[in-house]
Amino acid sequence: MLLSAHTHTNHKPNPPSFSSLYYFICPPPPTYLCSSSTLMATGSDESSSTSTAAAASSLSITVEKPSSSQLTELNIKSWPKWGCPPGKFPLKFDAEEICYLLKGKVKAYTKGSSECVEFGAGDLVTIPKGLSCTWDVSVAVDKHYKFASP
């Protein structure tokens, strides 16, 4: 599904529409720390309980640079496409999503955390079921995506 771009007029534009798996959530906190590989949904430190650490590791965005043979094996080109213009998009993932970015640049901020992960064109990204985050898109996104079967 492709998110439609909006033209600038004197009228207030309608907000973008998302599939039923996405919905708007609260904006992220004002200060962020970014990494380029993994975003944890909840922070954990040495004093955190094992269950908190396990929950955090199960709700992390993973980013990898796939080989062309891996892309062929996954049959990425047969997956649906989705795109969005630059902007901030609060999202909640009700199913695990795997996506391959054809173009774009994103910083994803997990709800309730000051950390983010960056990904862009050429990245294979896995977003776990249950994760709420805000995508700060600096370069328009075009991606193939697939949701895990329920």
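Scanning the protein chain from terminus to terminus reveals two helices and nine strands. By sequence separation, contacts in the protein chain at least 24 residues apart represent 78% of the contacts at least 6 residues apart.

Under the criterion given, the structure shown has three aromatic pairs. Taking the centre distance of 6.2 Å and the plane angle of 85 degrees together, the rings of Trp82 and Trp135 count as edge-to-face. Residue Trp82 is located in strand β4 (residues 81–84), and its partner Trp135 is located in strand β9 (residues 132–147); the two are separated by 53 residues in the primary sequence. Here Trp82 matches Trp135 in class, with each residue buried. An angle of 70 degrees between the planes, with centres 5.4 Å apart, marks the rings of Tyr145 and Phe147 as edge-to-face. The exposure class of Tyr145 is buried, given its relative accessible area of 12%. One aromatic cluster is present, built from ring pairs that chain together Trp82, Phe119 and Trp135.

Counting residues in hydrophobic clusters, the biggest one holds 21 residues, and the most contacted among them are Ile61, Phe119, Val125 and Trp135. The element contributing the most residues to this core is β9, with five residues. Leu71, Trp79, Tyr100 and Leu124 belong to the second-largest nonpolar core, a separate cluster that totals five residues.

For the protein chain, per-residue confidence averages 73 on the pLDDT scale, and 61% of positions sit at 70 or higher. Scored below 50 in pLDDT, residues 1–57 makes 101 contacts in the model with residues more than four places away or belonging to other chains.

Note on placement: Leu124 falls in strand β8 (residues 124–127). Here the alpha-carbon distance between Leu124 and Lys65, two residues 59 residues apart in the chain, equals 6.1 Å. Setting aside its immediate chain neighbours within four residues, Leu124 contacts Thr62, Val63, Glu64, Pro66, Gln70, Leu74, Ile76, Ile98, Cys99 and Tyr100.

Another aspect to go through is unusual backbone geometry. Glycine aside, the phi torsion of most residues is negative, and most peptide linkages are trans. Here the phi dihedral of Asn75 falls at roughly 60 degrees; this positive angle occurs in a residue that is not glycine. As for its position among the elements, Asn75 is in the loop between α2 (68–74) and β4. Accessibility expressed as a relative area gives 44% for Asn75, which makes it partly exposed.

What counts, and at which threshold
Along each chain, residues carry numbers from 1 onward, in the same order as the chain's sequence is written. Restriction of local features to residues with pLDDT of at least 70 applies here, the model being predicted, together with a cutoff of 80 or more for giving and counting side-chain atom pairs; totals for whole chains, interfaces and linings are based on all residues. With hydrogens and water excluded, all non-hydrogen atoms of the structure serve as input to the side-chain values. Under the scheme used here, helices are H or I runs from DSSP no shorter than 4 residues and strands are E runs no shorter than 2 residues, and both carry numbers assigned from the N terminus. We call two residues in contact whenever any of their non-hydrogen atoms come within 4.5 Å of each other. Stacked, tilted and edge-to-face are the three classes assigned to paired rings of Phe, Tyr and Trp, where Trp is represented by its six-membered ring and a pair needs centres within 6.5 Å; plane angles under 30 degrees give stacked, over 60 edge-to-face, the rest tilted. For the exposure calls, accessible area comes from a 1.4 Å probe over protein chains only, and a residue counts as buried if that area is under 20% of its type's maximum, exposed if over 50%, partly exposed in between. Side-chain atoms within 4.5 Å are what join buried Ala, Val, Leu, Ile, Met, Phe, Trp, Tyr and Cys residues into a set we call a nonpolar core. Per residue, pLDDT captures the predictor's confidence, and it can take any value from 0 to 100.

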